[in-house]
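# Commentary on secondary and tertiary structure
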Amino acid sequence: VFQSLTQCRSMEMVAHRARSRLAVLCFLLTTAYGQFLRGAGDTKVVVPIPHGRHVALSCKGAALRLQLVPAHGRPALDTPMIDPSVPQETCHEVDTSAERGVSTSAGSMTVNPAGELQIRAKGGLLVTSSLPITGDHDLVFKHHKGRLLGGGANSPSGMNLSTPKINPQVGNTGVYSPYYYSEDGYSMLCVVEHSDVNRYPANYELKDYGDTKNVHWSFTGLWDCYVMPAATLKAGTEAYYTLTGRPPVPPRYAFGFIASRWGWTDRVYIEDTLQRFRDGKYPLDGIIIDFEWFTNETDYGYPPGEGKPYYHDFGFNSVLFPEPDYQLADYRLRYNVHVSGIRKPRIGNTKLIKELDEKGWFLPNCEPSGRSPPEYPGYACGRNLNYALPEVRNWYSDSIKPLLDAGMSFWWNDEGETDFFTFHWWNLAEKMAQEKTLPEHRFLSLNRAFSPGMSRLGATVWTGDVTADWSWLLHTPGTMLNWVLAGAPIVSCDTGGFVGQTTADLLIRWLQVACFMPVMRVHSEKQVTPHFPFLWPKASDTIREILELRYRLLPFHYSLAHSQRATGNLWIRPLAMDYPETPEVRDVTTQWMDGSILVAPVLKKNSTHDIVLPPGLWYRFDRAIKLSQQAKGLALGKVLEEQEMLTIQSTGKVLKNLFVPLKEVPCYVRPGTIIPTSPVVQHSGDIGRFPLEVFIFGGQDGTFALVEDDGWSTRYMQGEFAATSLEWSDGHKTLSWQKSGFAAQGFIQIMAYFISVEGTVQKSAIKDFSEAGSISFPAQARWTEEVYQ
């Protein structure tokens with residue numbers, strides 16, 4: 001049938017034999033088989049290749065899907081990595097005398113009779129091709145230039161963006177995805193039938209073959225691959241997140257500061273800690289409590305398949321929460337603090353273990369031990385829930401619903417590396433519980449690992465159980481950037497280090513890093529000093545300044561999260577994404593882009609760092625925001641004169657061993673940058689009570705999209721938000737705005753700071769932040785620049 005169908009594709013032959021039996025057969029085959037392949041309007045092309053195999057080519061949104069199929073065909077493999085609501089678009093059939101395949105707006109993928117695949121960009125330019133497909137479990141693409149990126153990393157290897165060899169798995173401090181972006185010009189995600197404990201057998205490796213290089217995929221079982229032609233890393237990553245699902249906007253409190261530790265002792269300790277945060281004016285929005293919030297002992301020593309009769313998996317420890325409903329409401333109202341507790345993916349109660357085991361609801365797997373690479377078989381064997389089963393998810397969502405009813409705000413999910421997709425299915429169960437309890441509230445969780453596609457649920461990730469050591473701080477930005485490219489756009493860490501005692505200087509430098517990460521959170525183990533600012537008296541004032549900066553940036557970060565969801569533009573990015581033509585930033589992992597802010601923190605004990613800025617003029621944003629406090633005392637129309645090192649003209653060279661005072665976190669912006677900020681507040685609930693403060697950096701025109709909403713509900717997905725276009729005209733020295741929509745907790749007043757290329761600072765008067773308006777500054781004539789050689 002397939003051979004005849006292939007012959008039918010020769011239109012010359014059909015025309016020549018228009019009245020023959022073969023022509024009739026061709027018509028019937030094309031019509032009947034075409035209907036079978038297209039199904040509900042989907043184009044699918046099946047082509048026979050040598051060795052009795054068949055290749056099926058189809059589309060998923062703009063992505064091009066490749067399958068090795070039996071003669072009778074098969075449906076696409078089901079996987080949680082692919083967003084079921086991928087935006088659909090027309091899938092065109094490609095049929096030439098030499099190749100057949102499909103195309104979308106992104107490009108095309110075809111196969112020839114020899115079993116060689118061709119991937120082409122939108123304009124028809126060949127991006128790459130494959131070797132002939134000769135086996136059931138291998139796929140080899142030619143590689144012409146550059147690197148593979150986006151495969152993930154573990155913390156020790158986070159210093160490199162290149163991922164030439166990946167064996168996908170989830171682990172403590174290390175996650176690897178079956179995905180890459182090739183600098184040849186395409187992205188690729190591959191799916192297989194089954195995971196292997198925490199491993200996912202869709203491996204790839206960039207191999208040398210003499211003068212050539214090939215990317216060699218190897219699979220266990222059936223496989224599907226999704227290919228997305230894309231000329232740049234930016235476009236390839238956006239296509240990847242469109243396929244796997246863009247992240248929703250977290251609740252506003254997640255953009256503040258979260259204090260976590262293992263070892264909260266009792267109710268008095270919780271309330272004393274909250275009061276000390278407020279008395280010391282250390283901004284705070286959330287706390288996370290470890291094991292002790294729901295049980296009085298850990299379950300690490302329990303024998304396989306066994307528990308304890310007094311272990312409560314779904315309740316409150318009465319020592320910490322004798323009145324959970326009242327306490328959680330009180331903490332929210334009196335302290336404006338949201339409370340989260342740790343969750344484990346397993347059961348520790350004897351009766352429950354027996355009951356669920358009889359239902360077949362446990363995985364046969366253990367939780368792998370140690371950090372990445374993990375150790376097998378691990379611990380907690382025989383009592384890890386199989387969340388892939390719908391009945392398990394329903395039961396679990398009903399079991400945790402009373403905890404949400406009592407007032408728990410979000411979940412901190414730990415030790416879920418029992419299967420490659422445990423975290424995904426586990427989060428789906430938790431989200432189901434929230435939809436039953438608080439259907440309009442945004443779902444939020446923090447997870448120790450991730451699989452691609454999980455972020456679309458509202459699940460965020462932290463980098464695992466890192467050690468309180470300078471080497472682990474050094475790797476943190478690179479781990480974050482690798483994970484962002486691999487499928488986790490919202491990353492946090494155990495700031496200060498979880499394992500071991502930190503130091504004041506290390507804690508400060510780590511907090512400076514976390515200030516410019518999507519979620520800012522400290523954590524520590526039981527026997528060390530918690531990373532709460534008032535417990536570090538010599539460092540507390542500096543820590544307060546870092547937290548204040550975090551809250552000043554909240555309107556900026558919140559708008560970036562909205563943009564990330566709406567457009568696919570990553571909030572956190574490697575410099576290589578923004579400056580692909582600057583070779584000096586190609587491999588940089590100690591700096592990153594936080595929106596339009598280039599962050600270059602100090603990661604060494606000796607307070608020095610190496611830095612590279614792409615060529616051109618830059619402003620020191622961190623110094624400008626500190627100068628705004630001094631500028632507040634200026635009379636209107638007055639100018640804060642030239643400030644040393646506020647503007648920098650970079651040549652693009654790497655500058656080594658620059659000393660940076662402990663209180664400084666160097667970060668830079670380009671001319672034309674607009675940064676909306678808030679005055680210092682003590683929690684995110686006060687955002688909007690004071691005037692919006694907009695920082696404008698002169699030298700070019702600029703724009704920024706400010707987005708505001710109620711901060712807690714999913715109504716923004718139905719259009720209930722305010723969007724304000726902030727526009728700077730450098731020629732007229734005027735900031736203008738146009739606002740549409742409405743936000744229940746939006747800013748009602750606005751003022752601006754203008755930083756000129758001469759290094760001067762001016763402030764404006766406070767104005768009503770109405771639907772439309774403008775602020776103008778007088779022109780300045782002087783110019784001062786510092787040139788780095």
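Bear in mind that the values here come from a model prediction, so they are computed numbers and not experimental data.

### Structural notes on the overall build of the chain
Check the secondary structure of the chain and you find 15 helices and 47 strands. Its C-alpha atoms give the chain principal-axis dimensions of about 95 × 75 × 50 Å. When burial is assessed residue by residue, the chain has 63% of its 789 residues classed as buried. Total accessible area on the chain stands at roughly 29,200 Å², and carbon and sulfur atoms take up 54% of it. The chain carries 74 positive and 82 negative side-chain charges, and their two centres are separated by 2 Å.

### Examining the environment of Arg-456
Its location among the elements puts Arg-456 in the loop between β26 (445–447) and β27 (459–462). Along the sequence, Arg-456 and Leu-404 sit 52 residues apart, while their C-alpha atoms lie 21 Å from each other. Once you skip the residues sitting within four places of it in the chain, Arg-456 turns out to touch Pro-80, Met-81, Ile-82, Asp-83, Pro-84, Thr-244, Gly-245, Arg-246, Pro-247, Pro-248, His-424 and Lys-431. A distance of 2.7 Å separates a polar side-chain atom of Arg-456 from the backbone oxygen of Pro-80. From its side chain, Arg-456 meets the backbone oxygen of Ile-82 in a polar contact 3.4 Å long.

### Overview of the environment of Pro-164
Note that Pro-164 resides in the loop between β11 (152–154) and β12 (165–166). Judged by its relative accessible area of 38%, Pro-164 falls in the partly exposed class. Counting along the chain gives 15 residues from Pro-164 to Leu-149, while the straight-line C-alpha distance between them is 7.7 Å. Discounting residues that sit within four places of it in the chain, Pro-164 has contacts with Tyr-204, Glu-205 and Leu-206.

### Side note on the pattern of salt bridges
Scanning the entire structure with this criterion turns up 42 salt bridges. For Asp-330, the salt bridge is made with Arg-334, and the minimal N-O distance between the two is 2.6 Å. Here the residue Asp-330 and the residue Arg-334 both occupy positions in helix α6 (residues 324–334), the gap between them amounting to 4 residues, near one helical turn. For Glu-664, the salt bridge goes to Arg-620, with nearest N and O atoms at 2.9 Å. With Glu-664 in the loop between β36 (654–659) and β37 (667–669) and Arg-620 in strand β34 (residues 616–620), this residue pair connects regions lying 44 residues apart in the sequence. The same class applies to Glu-664 as to Arg-620, namely buried. Each of Asp-299, Lys-344, Arg-346, Glu-367, Arg-383, Asp-414, Glu-415, Glu-417, Arg-448 and Asp-465 takes part in salt bridges that share partners, so that together they form one network.

### Here we look at the sheet that holds strand β2 (residues 53–60)
Strand order in the open sheet formed by 7 strands is β1-β2-β3-β19-β16-β15-β10, and the pairing between neighbours is antiparallel. Since the sheet does not close on itself, it has two edges, and those belong to β1 (44–49) and β10 (148–149), each with one partner. As judged from the 6 bridges shared by β1 and β2, these two strands associate in the antiparallel manner. Considered in β2, the bridge of Lys-44 is made with Ser-58.

### Some details on helix α9 (residues 422–437)
The first and last C-alpha atoms of α9 sit 23 Å apart over 16 residues, in line with the 22 Å expected at 1.5 Å per residue. All buried positions along α9 are accounted for by Thr-422, Phe-423, His-424, Trp-426, Asn-427, Ala-429, Glu-430, Met-432, Ala-433, Gln-434 and Thr-437. For α9, the elements touching its buried residues are β22 (338–343), α8 (390–406), β25 (410–413), β26 and β27.

About the thresholds
- Residues numbered from 1 in each chain as written.
- Predicted model: local features only at pLDDT ≥ 70, side-chain atom pairs only at ≥ 80, totals over all residues.
- Heavy atoms only, no water.
- Helix = DSSP H or I, 4+ residues; strand = E, 2+ residues; numbered from the N terminus.
- Buried < 20%, exposed > 50% of the residue type's maximum accessible area, 1.4 Å probe, protein only.
- Areas by Shrake-Rupley, 256 points an atom, 1.4 Å probe, with all protein chains shown as cover.
- Lys, Arg positive; Asp, Glu negative; His and termini not counted.
- Charge placed at Lys NZ, Arg CZ, Asp CG, Glu CD.
- Contact = heavy atoms within 4.5 Å.
- Polar contact = N/O pair within 3.5 Å; in protein donor to acceptor, adjacent residues only side chain to side chain.
- Salt bridge = Lys/Arg side-chain N within 4 Å of Asp/Glu carboxyl O.
- Pairing = 2+ DSSP bridges.
- Expected span 1.5 Å × (residues − 1).

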